[in-house]
Amino acid sequence: GDSVTQMEGPVTLSEEAFLTINCTYTATGYPSLFWYVQYPGEGLQLLLKATKADDKGSNKGFEATYRKETTSFHLEKGSVQVSDSAVYFCALSEAGTALIFGKGTTLSVSS
Amino acid sequence: DAGVIQSPRHEVTEMGQEVTLRCKPISGHNSLFWYRQTMMRGLELLIYFNNNVPIDDSGMPEDRFSAKMPNASFSTLKIQPSEPRDSAVYFCASRGQGAGYEQYFGPGTRLTVT
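Residues numbered from 1 in each chain as written. Chains lettered and ligands numbered in written order. Predicted model: local features only at pLDDT ≥ 70, side-chain atom pairs only at ≥ 80, totals over all residues. Heavy atoms only, no water.

A. Structural context of the sheet that holds strand 8 (residues 74–79) of chain B. Residue and element names in this part refer to chain B. Strand order across the open sheet formed by 4 strands is 1-3-8-7, with antiparallel pairing between neighbours. The open sheet has two edge strands with one neighbour each: strand 1 (5–7) and strand 7 (65–71). The mean angle between the axes of side-by-side strands here comes to 15°, regardless of whether they run parallel or antiparallel. Pairing of strand 3 (residues 19–24) with strand 8, which is carried by 5 bridges, proceeds in the antiparallel orientation. Residue pairing in the sheet places valine 19 in a bridge with isoleucine 79 of strand 8. (Pairing = 2+ DSSP bridges. Helix = DSSP H or I, 4+ residues; strand = E, 2+ residues; numbered from the N terminus. Axes fitted to C-alpha atoms, helices over the stretch in contact; angles between N-to-C directions.)

B. Spotlight on the environment of threonine 51 of chain A. Residue and element names in this part refer to chain A. Here threonine 51 is to be found in the loop between strand 6 (44–50) and strand 7 (56–59). For the pair threonine 51 and phenylalanine 34, spaced 17 residues apart in the sequence, the C-alpha separation amounts to 8.6 Å. At a separation of 3.4 Å, a polar atom in the side chain of threonine 51 contacts the side chain of aspartate 55. (Polar contact = N/O pair within 3.5 Å; in protein donor to acceptor, adjacent residues only side chain to side chain.)

C. Spatial organisation of the interface of chain B and chain A. With 17 residues of chain B in contact, the opposing surface of chain A contributes 19 residues. Interface of chain B and chain A: buried area, both sides summed, is about 1,400 Å²; carbon and sulfur atoms make up 57% of it. Considering only the side of chain B, the residues that lose the most area to chain A are Leu43, Tyr101 and Phe105 of chain B, jointly responsible for 34% of the buried surface there. On the surface where chain B and chain A come into contact, there are 1 salt bridge. When its residues are assigned to classes, the side of chain B that touches chain A shows 10 nonpolar, 4 polar and 3 charged. (Contact = heavy atoms within 4.5 Å. Buried area = accessible area lost by both parts, 1.4 Å probe. Salt bridge = Lys/Arg side-chain N within 4 Å of Asp/Glu carboxyl O. Nonpolar A, V, L, I, M, F, W, Y, C, P; charged D, E, K, R; others polar.)

D. View of the state of the cysteines. Counting across every chain of the model gives 2 disulfides over all chains. Note that cysteine 23 of chain A is cross-linked by a disulfide to cysteine 90 of chain A, the S-S spacing being 1.9 Å. Looking along the S-S bond of the cysteine 23 of chain A-cysteine 90 of chain A disulfide, the torsion reads about -70°, which is the left-handed sense. With cysteine 23 of chain A in strand 4 (residues 23–26) and cysteine 90 of chain A in strand 10 (residues 86–93), this residue pair connects regions lying 67 residues apart in the sequence. What pairs with cysteine 23 of chain B in a disulfide is cysteine 92 of chain B, and their sulfur atoms sit 1.9 Å apart. Its S-S torsion of approximately -70° makes the covalent link between cysteine 23 of chain B and cysteine 92 of chain B left-handed. Here the residue cysteine 23 of chain B occupies a position in strand 3, and cysteine 92 of chain B occupies one in strand 9 (residues 88–95), the gap between them amounting to 69 residues. (Disulfide = S-S within 2.5 Å.)

E. Summary view of the side chain of serine 82 of chain B. All names here are of chain B. Residue position: serine 82 is located in the loop between strand 8 and strand 9. One polar contact links the side chain of serine 82 to the main-chain carbonyl oxygen of glutamate 14, over a distance of 3.4 Å. One polar contact links the side chain of serine 82 to the main-chain carbonyl oxygen of glutamine 17, over a distance of 2.8 Å. Excluding residues that lie within four positions of it along the chain, serine 82 makes contacts with Thr13, Glu14, Met15, Gly16, Gln17, Val19, Arg64 and Val113.

F. Spotlight on unusual backbone geometry. Omega for the peptide link from glycine 9 of chain A to proline 10 of chain A comes to -5°, which places this bond in the cis form. Within the secondary structure, proline 10 of chain A sits in the loop between strand 1 (3–6) and strand 2 (11–14). For the peptide bond that leads from serine 7 of chain B to proline 8 of chain B, omega is -10°, which places it in the cis range. Residue placement: proline 8 of chain B occurs in the loop between strand 1 and strand 2 (10–13).

G. Focus on the pairing of strand 11 (residues 109–113) of chain B. All names here are of chain B. A one-sided burial pattern is seen for strand 11, the buried positions being Thr109, Leu111 and Val113 and the unburied ones Arg110 and Thr112. The pairing of strand 2 with strand 11 spans 4 bridges and is classified as parallel. Counted as the bridge partner of glutamate 11 is leucine 111 from strand 11. Of the pairings in the sheet, the one linking strand 9 to strand 11 comprises 3 bridges and is antiparallel in character. Across the sheet, the residue bridging to alanine 88 is leucine 111, located in strand 11. (Buried < 20%, exposed > 50% of the residue type's maximum accessible area, 1.4 Å probe, protein only.)

None of this, on its own, says anything about what the molecule does.
The following block contains the structure:
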């Protein structure tokens, strides 16, 4: 079945460092891909999405490109802030089915 | 838009008691999802509805769990009887039609069963 694998955390960075969180997927069809973020004590918020190959999703300085050839959707940000500290989830959905999530990556940014 | 509304936000109950969690999806959304989040298992899909009809309940742990969606604006997840291992954060999410299939999550209900 479909699955999502993302890098284990926690990821610890200093403010203004470059961030990459790796995400790869397995799918039988052509899924839509998502990154969600969860701040402490809150629900998940959609961060960005891409619906087809080579699409780039972007929001709040975060970017991810849908790479069909490598089945990847890595999350990047050029300069992280303390306020970016959260748990990040990669997810996919095929043909309107429920989201399939990775296990989440905890990001901790220090000043 | 008020977003997805869940109640209660926190629930503490004793083992054996009945627990009912409630969700109001975003108006106009036609799909509703219940998830459970724990440290050990991460985010798990319990059940989802499309146009008020349960489509996939394969994630419901056992017969103690049941979910209903009597209309487009309300859903419940019931646990009876509750057990300590049910302690988790339960999220409801809704989704509209169209491309992208993104889901919008509620703030969650933190359930503690003692």
